[in-house]
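# Descriptive analysis of the structure
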Amino acid sequence: MSVNHYENFPVGSLVLPRRLRRPIHAIYAFARTADDIADEGNESDEVRLRGLADLRAELDLISRGEVPLTVLMQRLQCEAVVPFSMPLQPFYDLLAAFEQDVVKKRYEDFGELVDYCRKSANPVGRMMLHLYGERDSRSIAQSDGICTALQLINFWQDVAVDWQKGRVYLPQNDLRRFGVYEAVIAEGRADLAFRRLMAYECEKAHNMLKAGSPLGKTLKGRIGFELRMIILGGQKILQKIEENQYDVFNKRPVLTIRDWWDIVRRALLKK
């Protein structure tokens, strides 16, 4: 369950209406490409930022009604942006988040982290709502809460993974509050202080996910079903983190086939 790596795009889902498959695939390709530029390989920060700037320039062409230069962006324009009159701000927000990933490795407080999620995660939900024709302010607010919560869950799931990339998403002021030093993360040691910190952060993510979850029941049809599965998946990851006593170093929580069968069943029953 990873917003950061765009696994929450239902690109392979049989639930997707046929008319939305091509635009969602085009949007996913854009997000996946930008994410890889920012995060994969051994390129310097300068090279990564130039690659993201090239994508931004392509978006600028689309915003002016011109034809972009690459097949990737031509596909985005022709299969998603133009036929669905999609606003471009969510795409710009995603690029801003990827650029931030390149240059910012620590977050002082929870507010900074949520602001990052506003750019890195919330645009995904807003794009999906737009494609399905759901554009009221309440649905958008609930979607933002769900997406931010899922992004946070991904952070807590991947503390060890992000450390290897030089990143710590646990807020610095919370680290100080609970007496957790970054050396603990480097050593992969889930001591009492670290477990207390993780319980605190997971509770915040749980509350945000719960606050937005009514959207999964109010949205009708396939989008509601898809969203309920995503919400239940996030809840299951939080449950697994807690069951592992918040030790995300020695056992990274993941969803199994058995978990997914249960998620599908509960989503169908709207539980």
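Residues numbered from 1 in each chain as written. Predicted model: local features only at pLDDT ≥ 70, side-chain atom pairs only at ≥ 80, totals over all residues. Heavy atoms only, no water.

## Topic: the packing of aromatic side chains
To be explicit about the condition: Only the six-membered ring of Trp is used, alongside the rings of Phe and Tyr, when aromatic pairs are assigned; centres must lie within 6.5 Å, and planes under 30 degrees apart are stacked while those over 60 apart are edge-to-face, with the rest tilted. Here, a charge over a ring means that NZ of Lys or CZ of Arg falls within 6 Å of the ring centre while also lying within 35 degrees of the ring normal.
Applying the stated criterion across every chain yields a total of nine aromatic pairs. Cluster of aromatic residues (ring-pair linked, three or more members): Tyr107, Tyr116, Phe155, Trp156 and Tyr169. Over the aromatic face of Tyr200 sits the side chain of Arg177, whose NZ or CZ is 4.6 Å from the ring centroid.

## Side note on helix α4 (residues 89-103)
What counts, and what does not: Runs of E in the DSSP output that reach at least two residues are strands. Runs of H or I that reach at least four are helices, and both are numbered from the N terminus. Expected helix span is computed as 1.5 Å times (number of residues minus one). Each residue's exposure class comes from its accessible area (1.4 Å probe, protein chains only) as a fraction of the maximum for that residue type: buried when under 20%, exposed when over 50%, partly exposed otherwise. Only heavy atoms enter the contact rule, under which two residues are in contact if any of them lie within 4.5 Å.
Taking 1.5 Å of rise per residue, the 15 residues of α4 would be expected to cover 21 Å, and the 21 Å separating its terminal C-alpha atoms lies within 8% of that figure. For α4, the tally of buried residues reaches eleven of 15 residues, placing the bulk of the element in the interior. Those residues of α4 not exposed but buried are Pro90, Phe91, Tyr92, Asp93, Leu94, Leu95, Ala97, Phe98, Gln100, Asp101 and Val102. As for α4, its buried residues are in contact with α1 (18-39), α2 (45-63), α3 (71-81), α5 (110-120) and α6 (122-132).

## Brief notes about the domain arrangement of the protein chain
Formally: Here the limits of each domain have been adopted from an automatic or database domain assignment. Here the quantity called buried area is the accessible surface, traced with a 1.4 Å probe, that two parts lose on coming together, added over both. Each reported salt bridge corresponds to a side-chain nitrogen of Lys or Arg within 4 Å of a carboxyl oxygen of Asp or Glu.
Partitioning the protein chain into domains gives domain 1 (18-103) and domain 2 (105-270). Each of domain 1 and domain 2 has a C-alpha centre, and these two points are 24 Å apart. With 22 residues of domain 1 at the contact, the number on the domain 2 side is 16 residues. Roughly 1700 Å² is buried in total at the junction of domain 1 and domain 2, and carbon and sulfur atoms are behind 58% of that figure. Here domain 1 and domain 2 share two salt bridges between them. The partner of Asp39 in a salt bridge is Lys165, with the nearest N and O atoms 2.9 Å apart. Going through the elements one at a time, α1 and α4 are the ones with two or more residues in the side of domain 1 that touches domain 2. Here the side of domain 1 that touches domain 2 takes ten residues from α4, the largest share from any one element.

## Details of the pattern of salt bridges
Within the structure shown, the criterion is met by 22 salt bridges. Among the salt bridges present, the one from Arg64 reaches Glu66, with a minimum N-O distance of 3.2 Å. The exposure class of Arg64 is exposed, given its relative accessible area of 52%. Across the pair Glu182 and Arg106 runs a salt bridge whose closest N-O atoms are separated by 2.8 Å. Residue Glu182 is located in helix α10 (residues 182-187), and its partner Arg106 is located in the loop between α4 and α5; the two are separated by 76 residues in the primary sequence.

## Things to note about the packing of helix α13 (residues 221-243) against helix α14 (residues 257-269)
The criterion, for reference: Axis angles are defined between N-to-C directions and span 0 to 180 degrees, where every axis is a line fitted to C-alpha atoms and, for a helix, only to the segment in contact. Angle categories: roughly parallel below 35 degrees, roughly antiparallel above 145, roughly perpendicular from 65 to 115, and oblique for all the rest. Rotating anticlockwise by less than a right angle from the far helix to the near helix defines a left-handed crossing, while the corresponding clockwise rotation defines a right-handed one. Each residue is assigned to one of three groups, with Ala, Val, Leu, Ile, Met, Phe, Trp, Tyr, Cys and Pro labelled nonpolar, Asp, Glu, Lys and Arg labelled charged, and all others, Gly among them, labelled polar.
With their axes 9 Å apart at the nearest point, α13 and α14 run at an angle of 135 degrees to one another. Judged by the inter-axis angle, α13 sits oblique to α14. Helix-helix and strand crossings are classified by hand; for α13 and α14 the assignment is right-handed. Residue-level inspection shows Phe225, Arg228, Met229, Leu232, Gly233, Lys236 and Lys240 of α13 in contact with α14, the latter providing Asp259, Trp260, Ile263, Val264, Arg266, Ala267 and Leu268. Partitioning the contact of α13 with α14 into residue classes produces eight nonpolar, one polar and five charged.

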